Amino acid sequence: MNEYTLADIEVGMKASFSKVITREMEDSFRVISGDENPLHKDDEFAGQISNGRFERHVSFGMLTASLYSTMAGMYLPGKYSLIHSFDELSFLKPVFAGDELTVEGEVTNKDEALKLIRLKVKIKNGNNKVVSKAKMKVLVMR
C-alpha cells in the first residue's frame with residue numbers, strides 16, 4: 001500500500017496493477033450485492049440474450065468497477081485516500097471469469113485547496129482492450 005500525502009503527489013504520476021477475476025469473486029459479489037441476474041451466472045442464458053456473442057456468463061460490471069477502489073485505496077494515493085466521486089464511469093466490453101485485468105491510473109489534476117486529486121483510470125483485459133474507464137476525484141487526507 002502506498003502512503004502518498006498530497007505533497008508527494010504530482011500531476012502525471014501513474015500506477016498500475018493486475019487482478020484475475022475468479023468465479024469465487026463473482027460468487028462473493030453475488031452474495032454481497034444480491035444481484036441474481038442470470039446474465040452473471042448462467043452461461044446458456046448469456047449466450048441466448050447476446051445472440052451467441054457470449055459463450056459464457058458475464059462478470060458483474062460493478063465487480064470490475066470495484067478495482068477503482070483498489071487503485072485509490074492502495075496505489076494513488078493509497079493509505080490516505082477517500083474517494084469523493086466519479087465524473088465518468090463506463091463499461092465498454094464484457095469481462096468473464098478467468099480474465100486478467102490490468103488497471104492503469106494517472107493523476108490528471110491536483111487541487112491543493114480542496115486536498116483533492118483527479119485520476120483517469122482504465123481497465124484492460126488480457127487482449128489489451130479497454131473494458132472500463134473512469135474519471136475519479138479522490139480526497140487526500142494528509
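Cut-offs and rules
Each residue is numbered by its place in its chain's sequence as written, counting from 1. In view of the model being predicted, local features appear only for residues whose pLDDT reaches at least 70, and side-chain atom pairs are presented and counted only at 80 or more, with totals across whole chains, interfaces and linings using the full set of residues. Excluding hydrogens and water, the side-chain values take into account all heavy atoms of the structure. Strands here are runs of E lasting at least two residues and helices are runs of H or I lasting at least four, both read from the DSSP assignment and numbered beginning at the N terminus. Relative accessibility decides the category of a residue: with a 1.4 Å probe and only protein chains considered, values under 20% of the type maximum give buried, values over 50% give exposed, and everything between is partly exposed. Contact criterion: two residues are considered in contact whenever any of their non-hydrogen atoms come within 4.5 Å of each other. Only residues whose relative accessible area exceeds 30% and that take part in no salt bridge are eligible for patches, with like-charged residues grouped when within 9 Å of each other and nonpolar side chains (Val, Leu, Ile, Met, Phe, Trp, Tyr) grouped when within 5 Å. For the area figures, the Shrake-Rupley method with a 1.4 Å probe applies, and any residue is considered shielded solely by the protein chains shown. Any Lys or Arg side-chain nitrogen found within 4 Å of a carboxyl oxygen on Asp or Glu counts as a salt bridge. Pairing between two strands is assigned when DSSP locates at least 2 bridges connecting them. Axis angles are defined between N-to-C directions and span 0 to 180 degrees, where every axis is a line fitted to C-alpha atoms and, for a helix, only to the segment in contact. Note on aromatic contacts: the rings of Phe and Tyr and the six-membered ring of Trp form a pair at centre separations within 6.5 Å, being stacked when their planes are under 30 degrees apart, edge-to-face when over 60 apart, and tilted otherwise.

1. Focus: the environment of Val 140
By secondary structure assignment, the location of Val 140 is in strand β5 (residues 130-140). Given a relative accessible area of 1%, Val 140 falls into the buried group. Counting along the chain gives 80 residues from Val 140 to Phe 60, while the straight-line C-alpha distance between them is 29 Å. Val 140 has contacts with Tyr 4, Thr 5, Leu 6, Ile 9, Pro 77, Tyr 80, Lys 115 and Ile 117, leaving out every residue within four places of it along the chain.

2. A look at a nonpolar patch on the surface
A contiguous nonpolar patch, built from Met 62, Ile 83, Phe 86, Leu 89 and Phe 91 and spanning about 420 Å² of accessible area, is present on the exposed surface. No other element matches the four residues that strand β2 (residues 81-91) contributes to the nonpolar patch. Structurally, Phe 86 can be placed in strand β2. Looking at Phe 86, the relative accessible area reads 37%, which means it is partly exposed.

3. Here's the deal with the sheet that holds strand β3 (residues 100-111)
Strand order in this open sheet of five strands is β1-β3-β4-β5-β2, and the pairing throughout is antiparallel. Sheet topology places β1 (14-20) and β2 at the edges, where each strand pairs with a single neighbour. Taking the axes of each pair of neighbouring strands and ignoring which way they run, one obtains an average angle of 20° across the sheet. Inspection of the sheet shows strand β4 (residues 116-124) paired to β5 by nine bridges, in the antiparallel sense. In the strand pairing of β5, Ile 123 is matched with Ser 132. Of the strands in this sheet, β1, β2, β3, β4 and β5 touch helix α3 (residues 61-75), which is tilted by about 145° from β2.

4. Side note on the packing of aromatic side chains
Remark: the centre distance and the inter-plane angle together describe each pair of aromatic rings, the angle taken between the planes. Counting across every chain of the model gives four aromatic pairs. Residues Phe 29 and Phe 60 carry aromatic rings whose centres are separated by 4.9 Å and whose planes lie at 45° to one another, so their mutual orientation is tilted. Of this pair, Phe 29 sits in helix α1 (residues 23-33) while Phe 60 is found in the loop between α2 (43-49) and α3, placing the two residues 31 residues apart along the sequence. Phe 60 carries the same exposure label as Phe 29, and that label is buried. A centroid spacing of 5.9 Å and a plane angle of 65° characterise the contact between Phe 54 and Phe 96, whose relative ring orientation is edge-to-face. Placement of Phe 54 in the loop between α2 and α3 and of Phe 96 in the loop between β2 and β3 is noted, with a sequence separation of 42 residues between them.

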